Structure formats: C-alpha cells, structure tokens
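# Structural overview for review
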Amino acid sequence: MDCRKIKALFLYISLFLFGSIHANQKPYVINFARDKYHAANKNWSIGEDEKGIMYFGNDIGLLESDGMEWKLYSTPNSVIVRSIAVQSHQTIYTGGSAELGRWDRDQSGRLKYTSFTNLLKDKKELDSQSVWRIWIDKDKVYFQTFSHIYVYDHQNLRKLSAPNGFLLLQKVRNEYWVQEMYGLLYQLKDGILHKVQGSDLLKGKLVRVILPYGRDQYLIGTSTGELYVYDKRQFTLWNPELSSRLSGQELNCGILSSSRNSYYLGTQLNGIYEVDTKGNILNHFSSLNSLQNNTILSLYEDNRNNIWVAMDRGLAYIRYTAGLSYYRTTDSGAGAVYAATLWHGNLLIGTNQGVYYTPQEKINDFDVFSSLKLIEGTQGQVWSFQQIDGRLLCGHTNGLLEILPNLTIKHPYPIDTGVYRIFKTSINGKKLLVLVTYKELHIINEETGRLIPMRQIKDAIYNAEMDHLGNIWLETISRGIYKCRLNDELNSFRYYTYYGHETDKRLPQHLTLQKVGERIVFLGNDHFYVYNEANDNLQLESHLNNCFKDIRNLKRILPINNEENWAITSSSVYRFVYDGYLARIQEAYKVEADNLSLITAYENISVLNDSLSLICLDAGFILHNSQHSKKQITQLTAPYLEFVHTGNDTYADLSKSIRIPYQDNSVTIGFSVSAAFAGNLYVEYMLEDVDGNWSRPEQRNSISYARLPQGIYKLHLRTTDGLGNYSSETILEFEIAPPWYRTYWWFFTCSILIVCVLYITYFLMKRRLQMKHMRQLKAQESAHLKIRNEQLETEIEEKEAELFTQTSFIIHKNELILKLKEIVDEISSRNTQKALQPLYQKINVLLANNLDTEEDWKIFLIKFEQKHRNFFKHLKELYPQLTNNDLRLCACLKLNMETKDIASLMNLSIRAVENNRYRLRKKLNLLPNQDLNEFFIEID
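Now for a quick tour of the structure. Quick caveat, the model's predicted, so the values are computed rather than measured.

This part is about the packing of aromatic side chains. Counted under the stated rule, the structure contains 54 aromatic pairs. Arranged with centres 5.3 Å apart and planes meeting at 55°, the rings of F32 and W70 form a pair that is tilted. Of this pair, F32 sits in strand β1 (residues 28–32) while W70 sits in strand β5 (residues 70–73), and the two are 38 residues apart along the sequence. Taking relative accessible area as the criterion, F32 reaches 3% and is therefore assigned buried. Between Y213 and Y263, the ring centres sit 6.4 Å apart and the planes meet at 20°, which makes this aromatic pair stacked. Of this pair, Y213 sits in strand β18 (residues 207–213) while Y263 sits in strand β23 (residues 262–267), and the two are 50 residues apart along the sequence. Y263 shares its class with Y213; the two are buried. Connected via pairs of aromatic rings, a cluster forms that spans F32, F56, W70, W308, Y317 and F677. Directly above the ring of W44 sits R82, whose terminal nitrogen or CZ lies 4.4 Å from the centroid. The ring of Y218 has R173 sitting right over it, with the charged end atom 5.2 Å from the ring centre.

A few words on the environment of Y482. You can see Y482 is positioned in strand β44 (residues 480–486). For Y482 and Y589, which are 107 residues apart along the polypeptide, the C-alpha to C-alpha distance reads 33 Å. Polar side-chain contacts of Y482 include one of 2.6 Å to the side chain of D459. In this structure the side chain of Y482 is engaged in a polar contact, spanning 2.6 Å, whose partner is the side chain of R479.

Ordered in space as β10-β11-β12-β13, the four strands form an open sheet in which the pairing is antiparallel. Each edge of the open sheet carries a strand with a single partner, namely β10 (133–137) and β13 (157–161). On average, each strand axis in the sheet is tilted by 20° relative to the strand beside it, whichever way the strands run.

A separate point is the packing of helix α7 (residues 871–878) against helix α8 (residues 884–894). Interhelical geometry of α7 versus α8 gives an angle of 120° and a closest axis separation of 11 Å. Viewed along their axes, α7 and α8 adopt a mutual orientation that is oblique. The hand of the α7/α8 crossing is right-handed. Across the interface between the two elements, F871, F872, L875 and K876 from α7 touch L887, C890, A891 and K894 from α8. Residue composition of the contact of α7 with α8, by class: six nonpolar, no polar and two charged.

A few words now on the pattern of salt bridges. Overall, the coordinates contain 32 salt bridges when judged by the stated rule. Across the pair R455 and E440 runs a salt bridge whose closest N-O atoms are separated by 3.8 Å. Here the residue R455 occupies a position in the loop between β41 (450–454) and β42 (461–466), and E440 occupies one in the loop between β39 (430–437) and β40 (441–445), the gap between them amounting to 15 residues. Residue classification places E440 among the buried positions, given a relative accessible area of 12%. We note a salt bridge from D504 to R506, for which the minimum N-O separation is 3.0 Å. What makes R506 exposed here is its relative accessible area of 60%. The network of salt bridges with common partners includes K195, D200 and K203.

The geometry of helix α9 (residues 899–906) relative to helix α10 (residues 910–924) is characterised by a closest axis approach of 9 Å and an angle of 100° between their N-to-C directions. In terms of orientation, α9 lies roughly perpendicular with respect to α10. Across the interface between the two elements, T899, I902 and A903 of α9 pack against I910, V913, E914 and R917 of α10. Split into classes, the residues belonging to the contact of α9 with α10 amount to four nonpolar, one polar and two charged.

This paragraph deals with the sheet that holds strand β32 (residues 355–359). Taken together, the four strands give an open sheet; going across it, the order is β30-β31-β32-β33, and neighbouring strands pair in antiparallel fashion. The open sheet has two edge strands, β30 (337–343) and β33 (373–374), and neither has a second partner. Here β30 pairs with strand β31 (residues 346–351) via six bridges, running antiparallel. The residue of β31 that forms the bridge with T341 is L348.

With that settled, the discussion passes to empty space enclosed by the protein. Applying the stated criterion across every chain, the model contains four cavities of 30 Å³ or more. Taken together, 15 residues form the lining of the largest cavity, with G52, M54, W308, F677 and A678 sitting closest to its centre. A per-class count over the lining of the largest cavity returns eight nonpolar, three polar and four charged. Counted as a void, the second largest cavity has a volume near 80 Å³. As for the second largest cavity, its lining consists of eleven residues, of which N289, Y326, Y327, R328 and F366 are closest to the centre. Counting only elements with at least two residues in the lining of the second largest cavity, the list comes to β1 and β29 (324–328). Ranked by residue count, the leading element in the lining of the second largest cavity is β29, at three residues. The residue inventory of the lining of the second largest cavity, partitioned by class, reads six nonpolar, three polar and two charged.

How each quantity is defined
Along each chain, residue indices are assigned from 1 in the same order as the chain's sequence is written. In keeping with the predicted nature of the model, local features appear solely for residues at pLDDT of at least 70, side-chain atom pairs appear and are counted solely at 80 or more, and the whole-chain, interface and lining totals rest on all residues. With hydrogens and water excluded, all non-hydrogen atoms of the structure serve as input to the side-chain values. Geometry of aromatic contacts follows a simple scheme: Phe, Tyr and Trp rings, the Trp one being its six-membered ring, pair when their centres are within 6.5 Å, and the pair is stacked under 30 degrees between planes, edge-to-face over 60, tilted otherwise. Here a strand is any run of E in DSSP of at least two residues, a helix any run of H or I of at least four, and the numbering for each starts at the N terminus. For every residue, the accessible area (1.4 Å probe, protein chains only) is compared with the maximum for its type, and the residue is labelled buried under 20%, exposed over 50%, or partly exposed between those bounds. Note on geometry: a ring has a charge over it if NZ (lysine) or CZ (arginine) is within 6 Å of the ring centre and within 35 degrees of the ring normal. By the criterion applied in these results, polar contacts are pairs of N or O atoms within 3.5 Å in which, for protein atoms, one can donate a hydrogen and the other can accept it, and in which residues neighboring in sequence qualify only through two side-chain atoms. Strand pairing follows a simple DSSP-based rule, namely that at least 2 bridges must link the two strands. Note on method: axes are straight lines fitted to C-alpha atoms, helices fitted across the in-contact stretch only, with angles between N-to-C directions ranging 0 to 180 degrees. Every angle not falling under 35 degrees, over 145, or within 65 to 115 is termed oblique; those three ranges are roughly parallel, roughly antiparallel and roughly perpendicular. Left-handed describes a crossing whose near helix is turned anticlockwise from the far helix through less than a right angle; right-handed describes the clockwise counterpart. Here a residue-residue contact requires only that any non-hydrogen atoms of the pair lie within 4.5 Å. Under the convention adopted here, Pro, Cys and the residues Ala, Val, Leu, Ile, Met, Phe, Trp and Tyr are nonpolar, Asp, Glu, Lys and Arg are charged, and Gly plus all remaining residues are polar. Each salt bridge in this description consists of a side-chain nitrogen of Lys or Arg and a carboxyl oxygen of Asp or Glu lying within 4 Å of one another. Space inside and on the surface of the protein is sampled on a 1 Å grid over the protein atoms alone, with a cavity defined as a set of points where a 1.4 Å probe fits but cannot get out and a pocket as an open set with protein on both sides within 12 Å along at least 5 of 7 lines; lining residues have an atom within 4 Å of a point. Grid points are joined across faces, edges and corners, and a volume is the space filled by probe spheres set on the points.

The values reported here are purely geometric and, on their own, carry no functional implication.
Right under this line is the structure:
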C-alpha cells in the first residue's frame, strides 16, 4: 500500500472517529450573576410568553427580560416569587410566600399586580404556606401549595385537599400529576384527583420529576435518584447505572428537550445531567465546568429550544447552535488558544503558554481543558501548526519546532528568532520551506537543508503566500504588501515591488494577505483587492466586496479547501464559498462577548480537516462540524410595540391613531424583540424626515425624540443579528398636533387682525409716501456730498502732486545752479585774463541770487500748507522755540525727504543738514532710539 493510500485511510479514520465524537454537541453556557440583573439571587421558576420575553421568580420579586433590558416587579404583600405561569404577554400568574395573584400589563408596558388572597374564605390560611407550582388549564388556573391545590376560575378560588398534603403538581403532555406527600401519585382531571395505578411503589419517596417517555409512557424520578418508566400499569427501573450515579445528589427537577430528544435532570448537589432516551449521560453541567452553582431549582426550554436554569444563586442559559460545540478554559491555566491540529489520534492546541494535547475521545468531556497536558519544551507563545510530508512543524516564539509522533520535540533548523508561519512550496522543481519569522523571511532548501535569510526587505513581515506564477507575496505588519521573485540560486530576491498606501493613495494604510480559492486576495478597510498583472496594481474584487458589503470589521480570510473559506470579524465568523466568479455566504455565527471572544488582532480559525474547524478564542475554543451544521435560513421577528409615552407622562392607546398635543411633543416609544437574548439581536430605527439613515445597531427597547415639530411621522423599527440579516419593519405612525397659534380659531382671529391692519395702513400710506420722498431727497443730498468728497480727494491728490513737482523743481534748479557755479569757477581759475573777471563775477552773483531765493521757499510753503494745513501751527504750539529754518527742515522731514535732497533744497551741505537735524532732535527732546522722520510723519 503506497503512502497516499495510507494517508487517505488515516484521514478517513480520523474523520470517522472525530466526527462521531463531535456528534455529542457541547452547548454554550452563559451565567447571570451580576447584581444589575437582580439574577444573582435565588431563582425558583421560569416562564416565557409568545413574544419570547422571559420571566423569572426569585427572592426579590418577578424579573422580566426581553434580552435587552431587565425589569424587576415587587409584589405588594410578598417579596419571594416561587412559581410562574405565563398566559400571554399581557397576563402572568405568580405565587410566593403567603401570596398568589395575577399581573396585567397596562398602556405603559409595565405589569400591575392583583392579589387573589381576598378571594380566600380564611385570609390567614396562606400565612405559613408558599405556592410552589402554577399551571393554566384552559379556563382554570391551578395554584399548588404543600397543603392544598387552589383552583381559580377567573371569579372564585376553591381548594382541593389531601390528608398528607401535596408535593409538586406537574404537567405531563396535557395531564396534571401530583404526589401526596410521601404517598401515592394522582392525576388531576376536571378538578378531581384520580389515583394512579401501581403507585404504591412510591410510598415513602418524594417524586420530583414526572416527564413524558416515548409516545404514551412516563419517566418518574425520585429525590434519591431512582428513575422509573411507567406504562400505565407498572413501574420499571429505567437505567440502574444512571440511578446509581444520581444517588445522593438529590434529584430536584427535570425537563424533556423536544429538539434534542434528551432529558435534563437537575440536582441539588451536583448540577445538571443531560441524558439520552436510554439513560446514557451526554453532558454534565456543574460548577466545575460551566455553572456558577450546583443547586438546580428549575429548568425550562424556551421557544428556541435552549435551556434556562434557575439556581440557588443566579441564572444560567444553555444554548445549542447546530454544528457548533463550545469549550471554555478552566483553572488549568492553558491560556488563550492561537492554533490547533489533529496529530496521531490527539488534538493539539497551541496557546500563549505552549502546546497542549489531549486524546480525541476526550472531546466528549465538557471540561476538556482539565484533560490537557503540556508537551515539554514547548513552553511559550505558539503561533501556528503545519503538517508537511508527515511532519508536524510548529511556529513558536522560540523558533521552529518539530513535534514527533511520540509527542516529543526537536529543533530541525537553527533559527534564533520566533516563527509566525511555515508553508511548503516548489520553485524550479526544488522543494522549499518558507518561514515567516520575527526578523525576516527564511527559505529552507529541503534537499540540502540550507537555511537562507532574505534580508533585502527591512520591513517586519507577518505573513507570506506563493501565487501560481511563483511570486512570493509578503504582508508587512503596518506598511503594505511586497511582491517578490527569487533568483535562480534561491538565495535572494531577484526583484521586489511594493504595493500600498505610500504609492497608491486609493489603497488603505494596512493590507492583510490571504489565499482564497488558490487566489491571492488582499483585505483592508473591509474591502477586497486582487492583483491586476496587466496594470501592475491592486484593484477591487467585485464578487467578494458584494458578498460582504453589509459586514464590518473584517479581519482575515482563512481557506478550508479550494472553494470554501472562513471570514473573521472582531465578533463573528462566516463560512463562504468563492471560486473567482461567485462568492456566497453559507453560514454565519456570532461569537459571544461576555466570556468567549476572539483574540484581538490575532483572530484565527484552525482547519482540522474538510469538515472540522476550530475557532480560537481567548478563553477556549469552538468546534465547527460542517456535517452537522444546517443551512441557515434566518427569519428575524420584527420588534413589537409596547407603548408610546408623551411629554405630560401619559401613554397613547396603540389600538387607535395617535395624535399628540404640541405641548407634549417629546415622545418615547417602547418596544420588545422576540428572543433577543437567544439570538443576540439588535435594533435599528429611523424616523422619517428626522433621521437621515438607519441608526447603528443597539441593544435597547425604547427610543426618545425631544421637541418634535408639528407633522405626521413614521417610525421604522427592525431587528438585526449583526450578521447582515434583518427582520421586516415595524412602522409606527403618529401625529404631532399643531400649536395653538396654528389652529383654525387662531387663523380666524388673525384674519380679523389683518383687516384692521389694512384699514390702518390706508391712513398711514400718505405718511409713508412722504417719508419715502424725504428719503429720496436725503439720498440725492448724500450723492451730492459723495461727489463733492471725491472732488476734494482729487484736489488733495493734485496739491500733493504740485508739492512734489515744486519740490523736485527747486531741488533740480539748485543742483543745476551749483553745477553751473562749479563750471564757472573752474573756467575762471583756468583763464587768467583779467578782462573776463568781471563777467565771471556777474555770472556768480546771478547764480548765487537764484540759488536761495525766498520766492522759491514761499511757493514751496504755500504748496506744503495746502497739503498739510495745520502742520506748522500744531508744531509751533508744541515746540514754540523752533526757528523758521527749523520749521523748513521739519517740512522736509515731514515729506520724508532724504538728507541729500534736503541739502540741495536748503542750499546747505550734507554735514550742515546733519547738524541741523541733531539740533532739532535736542529741541524736540527725542529719545536716541526714536526716528526723527517717523516723528514728523505722525504729526498732522
């Protein structure tokens, strides 16, 4: 027999053994012990109405829960509620210590209590009694105490008695059975007790359990653990081995689960036993593995075939999901589960503390974690398992480990760093192992055993995959993706290309890499991408994006086989098919968040074989068996309206059209959702013309809107499970009435006022026209003034231009005269002819007379005064010691003239101007750091 046949045979045996083991499904158990639920008290009884709302009788009253909110109702005359019978969402019967009565729901959605004790002839006969069981039989209600059975016909109470009293009144199919205390069994028919034939056997015993068995038989259980099958003639011991197991554990209650065809037997000392129809134990729930308390007071199967448990302290909920088995860690300290695999008849579990193993058959045990054993040498963080050519390799924080069939380990290759993942591939006919390590990528040539590190890429690598073209794709921890190609010697990358947000802004910051249906797929920001070889870029993959368009927080995709895959979000998992042309979700599961959750940032599912997958959790794991899972057809129930509360503390009648006064326009709408807890359901809502879109999913049962304006509104409500499934919509239509100033009588009053206003307006029209005429005159005058101002501004600009022209003229004239004077002096000095000396003197006198004429200064000052009218006056008032020459220098400085120009204008040397400036600063008492020009510019 060749290796392939041996491997196939081994796989077949593994599937057969492990599949048969996993057929014993393990449920998910939730405990309620937090004080805010009021469920941490002793709970006596459980009931459910047609809407899936649960009711619990406990030590502090009646507890109601729709899965989103818990409400506590206290009875006026008694704290303890020991028994419940639910007739409908509107009516619930309860009984407790010295009390029995009925709860009715009002328009506010709350329950109001009516006591029946006033119907008793002797008001004190219940003082020392408690009502332990209540049953509704058509038009009668039975209240059972240890002394009597009270029959309520909706008008009166009558009582049935027995010499020694009664133990527990129980309903089997449509029959009512009760045992006389330590005596015979009776059937209650039409208010009359009938002895059960052959029940003398039960004298001296306490019958706590009576359940249907088969088509027309009965299963009878006593407090000592004895179980009998009664065929209407005789009692036969059912399963001696089970009775022996229950002996001394005080059997206290029991139910038949119709969906699982199994019995749940609750004890006072050791939790719950689930047994099949032959008495074989399927599961044992106790404080050692799942329950918070071993004293079971009541059991109840809800409309979804899940089990509720009332305990001496707290409540528990046992939920079954087709194809899933739940396993929680105990105090064994195994740690969070990161990976798993089947290996030589054992289940190996990789945790953050090491590799643990247990024989496959131990999966039958609910507390499988107590049987785990650590493989020595594997202590530390485990990342992955990979079976390659009959070898089991383990990615470990201490390197690459090989786990041998005898569950010992060895280090096959000298790697001095942690290993995330290993996979096998072949390039150019050479068999290779690719290792993703903490530091870099490593390539192992299986033929030579050579270990080659790839150090060309400096980014930290978290995952790697090989495509059909021989490219190695690398996922970095935070940057993006690399496509690499090995050289012919397989010792380095021939080339590598980066794809990510840094080079393509359309791509998200972080991309994860996975292989889906033998195709390389990239995931980022809830969008899928594939490589486009023609354009050498990453583009959106339409089939997967359409398939997951309503799903958020996608983390990773894990292949099961060539077509089936797992998709993981932060709180749910999806099983889907994808072949490159079609993507369709087949199954979807919510992972609970209270005591079971996926490992944040390291979400993983280990595929054990084609039918079994292990969902890794931070406190255990979930086994999924595709052979036992059912195709999910999810039909969610729309929310039920409970009440509409308005601003003046009144409640609207839901059976009529709702019209709310404007002054009460703050509205609260209450609702409930069927099986909200069992289905882990949420509510979305949208008020038309107020909310633009549906709200985010929330676990709530009321919505409030404050100060709504008048109008007709439609509120849309729907249920969702967070997996992309939605219920039909519940629509509530209501109207906010208009305010008083928008009513008909107000419009009539306004019409009269309008007529009066028009009449008065007639007499005011002339005055208005006159005022309009005056405004026109003022407007004309304003326009005239505006034109005048513009003319004045033009004149000022012209004066400023004249001043600039005059100043420039004087400066240039003086410069010209000085130049001519220099030329004349130069000619005179060179020419010694005495006849020409008088001519030179006359020319010099003429030039000197025109160099500094008072006429030029007068014209300059006139132009300056036109521009700066009060400058000299203001300056004289402030500094009377200033001379005329000082004032001339001040005028030049006011015009911000340069020293050279001032010298030319005043016919002085530059040094003389500087000296004059210095003397002027002293007269003006200026500080050393104060600029003289800026000083004059600031003076008007």
